[in-house]
Amino acid sequence: MELQLSYYHITDIRFGDETIMKDGVLFLNKEELKSYLLGDPSFSDIEIEITHPGEMTRIINVLDIVDPRKKVNGDHEVFPGWMGEFSAVGSGKTNVLTNVSIIETGSMDGLMGGIIDMGGLGRVYSPYSRTHNVVLVPTPSKEVNAIQFAKSLKMAALKASVYLGKTTVNLPPEQMVSIDFTSRFDKDKQLGLPRVGYVWHVLSHYRLREIYYYGANSNSFYPLLITPNEIFDGAVVSGHYDHSPGLKNYTHSILNHPIVMELCRRHGKELDFVGIILANEPSETEGKKWNALMNVRIAKSILHLDGVVITKEGGGHTDFDLMEVCKQCERSGIKTALIDIEMLDQDGEGDYPLIVFEKEADAIVSAGNIEERVSVSKMEKVMGGMRMKEIGGDPKSENNIPIWLVSGAINEIGMSKIRGNLF
Amino acid sequence: MVHYINQFFGQIGGEEKADTSPFIKKGPIGPGVILQEKLRDRGEVVATVICGDDYFSNYSGEAIEELLHLIKSENPEILISGPAFNAGRYGIACGEVCRRTSKELGIPCVTGMCGENPGVEMYRKSVYIIETPGSAIGMKNSLSRMIEFAINLFERKPIGPPEEGGYFPRGIRKNIFSEKLASERVVDMLMAKLSGSPFVTEVFNPIGTEIEPASPLEEILNAKIALVTEGGLVPKGNPDRIEGARCTRFGRYPIWAKGNLPAEEFECIHRGFDSSSINEDPNRLLPIDVLTDMEEKTQIGKLFSFFYSTCGCGMYIGEARRIGREIAESLKRDGVQGVILVAT
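Criteria and cut-off values
- Residues numbered from 1 in each chain as written.
- Chains lettered and ligands numbered in written order.
- Predicted model: local features only at pLDDT ≥ 70, side-chain atom pairs only at ≥ 80, totals over all residues.
- Axes fitted to C-alpha atoms, helices over the stretch in contact; angles between N-to-C directions.
- Helix = DSSP H or I, 4+ residues; strand = E, 2+ residues; numbered from the N terminus.
- Parallel < 35°, antiparallel > 145°, perpendicular 65-115°, else oblique.
- Left-handed = near helix turned anticlockwise from the far one by under 90°.
- Contact = placed C-beta atoms within 7 Å.
- Nonpolar A, V, L, I, M, F, W, Y, C, P; charged D, E, K, R; others polar.
- Buried ≥ 20, exposed ≤ 12 C-beta atoms within 10 Å, placed from the backbone.
- Core = buried A, V, L, I, M, F, W, Y, C linked by C-beta atoms within 7 Å.
- Pairing = 2+ DSSP bridges.
- Domains from an automatic or database assignment.

### Notes on the packing of helix H3 (residues 60–73) of chain B against helix H4 (residues 88–105) of chain B
Residue and element names in this part refer to chain B. Across the interface, H3 lies against H4 with an axial gap of 10 Å and an inter-helix angle of 55°. Considering their axes alone, H3 and H4 lie oblique with respect to each other. Handedness of the H3/H4 crossing: right-handed. Residues Ile64, Leu67, Leu68, Ile71 and Lys72 of H3 form the contact with H4, whose participating residues are Glu96, Val97, Arg100, Thr101, Glu104 and Leu105. Partitioned by chemical class, the residues of the contact of H3 with H4 number six nonpolar, one polar and four charged.

### Digging into the environment of arginine 185 of chain B
Assignment of secondary structure puts arginine 185 of chain B in helix H8 (residues 182–195). Taking the C-beta count within 10 Å as the criterion, arginine 185 of chain B has 22 such neighbours and is therefore assigned buried. Between the C-alpha atoms of arginine 185 of chain B and glutamate 202 of chain B, which are 17 residues apart in sequence, the distance is 9.9 Å. Setting aside residues up to four positions removed in sequence, arginine 185 of chain B forms contacts with Val365 of chain A together with Ser178 and Lys180 of chain B.

### Structural notes on the environment of lysine 378 of chain A
All names here are of chain A. Inspection of the secondary structure assignment puts lysine 378 in the loop between strand E22 (373–376) and strand E23 (381–383). By C-beta crowding, lysine 378 is classed as partly exposed, having 13 other C-beta atoms within 10 Å. Along the chain, lysine 378 and histidine 201 lie 177 residues apart, while their C-alpha atoms are 37 Å from each other. Once residues lying within four places of it in the same chain are set aside, the contact partners of lysine 378 are Lys396, Ser397 and Glu398.

### Some remarks on the interface of chain B and chain A
Facing the 39 residues of chain B at the interface are 56 residues of chain A. Looking at the side of chain B that touches chain A, the elements with two or more residues in it are strand E7 (173–177), H8 and helix H11 (317–333) of chain B. Classifying every residue of the side of chain B that touches chain A gives 20 nonpolar, 10 polar and nine charged.

### Section: the nonpolar core
Core analysis: the largest hydrophobic core is formed by 125 residues, its most contacted members being Ala299, Val308 and Leu338 of chain A together with Val186 of chain B. A total of nine residues in this core trace back to one element, the largest contributor, which is helix H2 (residues 146–165) of chain A. Discounting residues that sit within four places of it in the chain, valine 186 of chain B has contacts with Ile259, Val309, Ala337, Ile339, Val365 and Gly414 of chain A. Ranked by size, the runner-up nonpolar core spans 47 residues in total, among them Cys98, Val120, Leu143 and Phe168 of chain B.

### A word on the sheet that holds strand E12 (residues 175–180) of chain A
Residues and elements named next belong to chain A. Spatial strand order, E7-E8-E1-E12: four strands in an open sheet with mixed pairing. A strand with exactly one partner marks an edge of an open sheet, and here the two such strands are strand E7 (69–71) and E12. Strand-to-strand twist in this sheet, taken as the mean axis angle between neighbours without regard to direction, amounts to 20°. Direction of pairing for strand E1 (residues 2–9) relative to E12: antiparallel, over a ladder of six bridges. In the sheet register, leucine 5 faces E12, and the bridge partner there is valine 177. Its contacts with the sheet place H2 against E7 and strand E8 (92–98), and it is angled at close to 70° to E7.

### Concerning the pairing of E22 of chain A
Consecutive residues of a regular strand have side chains that alternate between opposite faces of the sheet. All names here are of chain A. In E22, alternate side chains face the same way, and those of Val374 and Val376 are buried while those of Arg373 and Ser375 on the opposite face are not. As defined by bridge partners, E22 adjoins strand E24 (residues 399–402) across four bridges and the pair is classed as antiparallel. Residue pairing for E24: serine 375 is matched across the bridge by asparagine 400.

### Here's the deal with the domain arrangement of chain B
Splitting chain B by domain gives domain 1 (2–165) and domain 2 (220–342). For domain 1 of chain B and domain 2 of chain B, the distance between their C-alpha centroids amounts to 51 Å.

### Regarding the pairing of strand E3 (residues 47–51) of chain B
Residues and elements named next belong to chain B. For E3, the buried fraction is high: five of the five residues fall into the buried class. Residue alternation in E3 divides its side chains into two sets, Ala47, Val49 and Cys51 and Thr48 and Ile50, and both sets are buried. As judged from the four bridges shared by strand E2 (residues 23–26) and E3, these two strands associate in the antiparallel manner. Residue pairing across strands places lysine 25 opposite threonine 48, the latter belonging to E3.

This is the structure we're talking about:
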C-alpha cells in the first residue's frame with residue numbers, strides 16, 4: 001500500500017480576495033471560509049484570525065490543532081468519516097501544508113483549553129508558537145450543548161484543513177515522501193532485520209474525551225491493526241475537548257505522528273516496521289488487563305515482534321495500561337521502550353513520577369514533568385475569547401503557569417524535545 | 001569568602017586534636033591557600049573557620065550555632081566547606097555547615113566529598129556537593145571545581161544537570177530541552193536494547209517508602225468502621241471548595257440515612273473519570289446502604305456517622321501524605337478502629 005505525501009512549506013499567511021497559494025504565501029478569503037463554516041447551526045458566529053510567530057499574541061481556549069491537507073487523487077478525501085465519501089484511505093497522493101496550523105478555540109462550560117504564546121518568554125515551549133496560525137473562534141448558538149459544539153468545531157477545523165489544502169492542487173511541492181507499507185505477518189518473508197511494532201494507546205472514555213477512528217468513537221474498540229498510511233490521511237482524529245492540554249495528543253501531532261514517521265524512516269535500514277496496534281485505554285482494571293493481553297497476543301503471535309515502542313494518552317491511570325503491556329511484552333520475549341510523562345510537583349520533587357511502575361520497564365523516555373512552572377510574558381493581544389478559567393484574570397497578563405497548560409509543550413507521542421532530567 | 005575546615009586541614013593536629021572547639025582565623029589556611037590561588041582576583045578568603053570533627057559530632061547542636069556565629073561575623077558572600085573526600089564525620093560537618101549557612105545567610109555554599117562519604121546521602125538534597133576522589137590527592141582539582149561552581153551560583157548562572165556541574169544529583173527533576181525529539185530517542189533506545197548496546201533510561205524506577213499496614217481488626221463485631229475516599233464526593237455546591245484535581249483539602253461529611261436519596265445532596269467533583277454513575281447514586285462510591293444493612297444485622301459493630309472525602313486526581317505525593325496523616329489523626333479522635341478506603 002503506497003501513499004505519496006507532498007509537502008508545501010508556507011512562509012506567510014495573509015487575508016486576501018481569493019484563497020490561493022502564491023510563491024509560498026497562503027492567501028485566505030476570510031468571508032468565503034467564514035460562510036462555509038457558518039453552515040453549521042451550532043455556531044451563531046465565527047471569527048477567523050491570523051497570527052504569526054513573534055507577535056505578542058496569546059491564543060487562549062485552545063482545544064485542538066490541525067494542519068491543512070488534501071488528497072489529490074480520485075474521490076477519496078482525508079479525514080474519512082468526516083470529509084468525502086466514506087472509504088479506506090492511505091493510498092494515492094496527499095498534499096500537506098507545513099509551517100501553518102489551524103487552531104480550534106472554544107469557551108463553554110464543560111470544555112478545557114490550553115494556551116499558545118506567539119511571542120515573549122512562553123514562545124519556546126510549543127511547536128505551534130513557531131507556525132503561522134489560522135485561529136478559529138466560533139461562538140456557540142444558544143441551544144447547543146458542549147458535546148454538539150465540540151463535534152461541530154472538529155468538523156469546522158477539518159473542513160478548513162481541506163479548504164486550505166486545496167490551494168496546493170497542481171503546484172509543485174518542496175518535498176515528497178513515499179510511505180510504502182505492507183504488513184508482513186509471514187516470518188519467512190521478513191527482511192532479516194529486527195521486527196518492530198508500535199502499541200499506540202489512545203484515550204476514549206466518554207464524550208468530549210475521545211479519539212475518533214474513521215469518524216467513530218473508539219471507546220468500545222478492541223485493539224486494532226492499522227497502517228501508517230491511514231494515520232497520515234487523517235483516519236485518527238482527536239475528540240478531546242474536556243481534557244488537560246498536556247495529556248492529550250493534538251490532531252496535528254497525530255497527522256504527523258513522529259514515532260510512526262521515525263519507524264517508517266528506519267524501515268528496511270535498521271528495522272522491519274511490521275505494524276501498529278491502535279488500542280483503547282479502558283476505564284476499569286479488568287478491561288485494562290484484558291486489553292493488554294490482546295495487545296500482547298497480537299504483538300507476539302500475529303506480528304511476531306522482536307521489539308515494540310509503547311505510548312499512552314492521558315494521566316495517571318493510563319500508566320497502568322502502559323506498564324501492563326510493557327510487562328507482558330517483556331515476559332513474552334518482546335523488548336520494549338516507552339515514552340511517559342512525569343507527574344511530580346512543581347519543584348520537581350516527589351518519589352513517584354509515574355503512578356504504576358513495573359520492573360520490566362527499564363527503557364523509558366521522559367516527556368517532561370508536566371507540573372513544572374513556566375513564565376509567560378504580558379501580551380498585547382488575545383485570540384480565542386475574552387477569558388479563560390484555567391488562567392483567570394486578564395488573559396493578557398504575565399503569569400507563571402504549569403507547563404501542561406501550554407498546548408503542544410507536552411506530547412505523549414514524542415513530538416517534543418522537553419524532557420525531565422535529574423538535578 | 002569564608003572557608004570551613006577541620007582540625008587536620010586547619011593544621012592543628014590529627015585525631016588527637018579532633019575535639020578542638022570552633023575558632024576563627026583571618027585569611028586562608030592549609031588548603032585555603034590553594035583556594036585563594038584558584039580564586040585569583042575575583043575574591044578573597046577573608047577567614048577560615050575551624051572545628052574538630054569529634055567536637056562537631058559530639059556537640060553538634062552547640063557546634064553549629066557557634067560556627068554560624070563565627071561565619072556570620074565575617075559577613076561572607078560565599079562559603080566553601082572542606083573538601084572532606086572520604087572522611088565521614090568531616091563530610092557530615094561540612095554538609096550541615098553548608099546547609100545551615102545557606103539557610104540563615106542566604107549565600108551560596110559548596111562542599112566536596114566522594115560518593116561513599118555518608119555526608120552525601122544525608123545532604124545531597126539540600127546542599128551542592130561536588131564529587132571528589134576518595135583522598136586528598138585530588139585536592140587542587142576538587143577545590144578548583146568547587147570554587148568555579150560557587151562563583152556560578154553567586155553570579156546566579158543557571159546550574160546545569162549533575163553530569164555537567166560535577167555535583168551529586170539532588171534528587172529533583174527539572175525539564176530541559178533535549179537535542180532530539182522524544183520519538184527519535186525512544187526508537188534509539190529500543191534499537192539499542194535490541195542490539196544489546198548500552199542505553200540509559202530517562203525515567204527511573206522510584207525507591208518507594210514501605211508503609212507498614214496496621215494489624216487486622218480482632219473483633220469486627222465491636223469495631224467502629226469509617227469510610228474514607230479519594231473519589232471526590234462532596235455536598236452539592238462543594239462548600240469546602242475541594243479541588244477536582246491537584247487537591248490540597250479534605251472534608252468530613254455526615255453519612256446519609258438508609259432510604260434517603262444522597263444524589264440530591266451530594267455530587268462528585270473528581271476530574272479523572274466520568275462521574276455520572278456516582279452522581280446518579282453515591283452509594284456506588286460509598287456503599288453506605290450496604291454498610292447500614294450490615295450494621296443492622298450486626299455484621300459490623302458500628303458504621304461511623306461521618307465519611308472523609310478528598311480527591312485523588314493528580315494529587316501530589318507530599319500532599320497525599322499530609323492529608324492521610326491528618327485524616328488518620330481525626331479518625332483516631334473519632335474512636336474509629338477500621339477504615340474502608342474507597343479508591344477510584
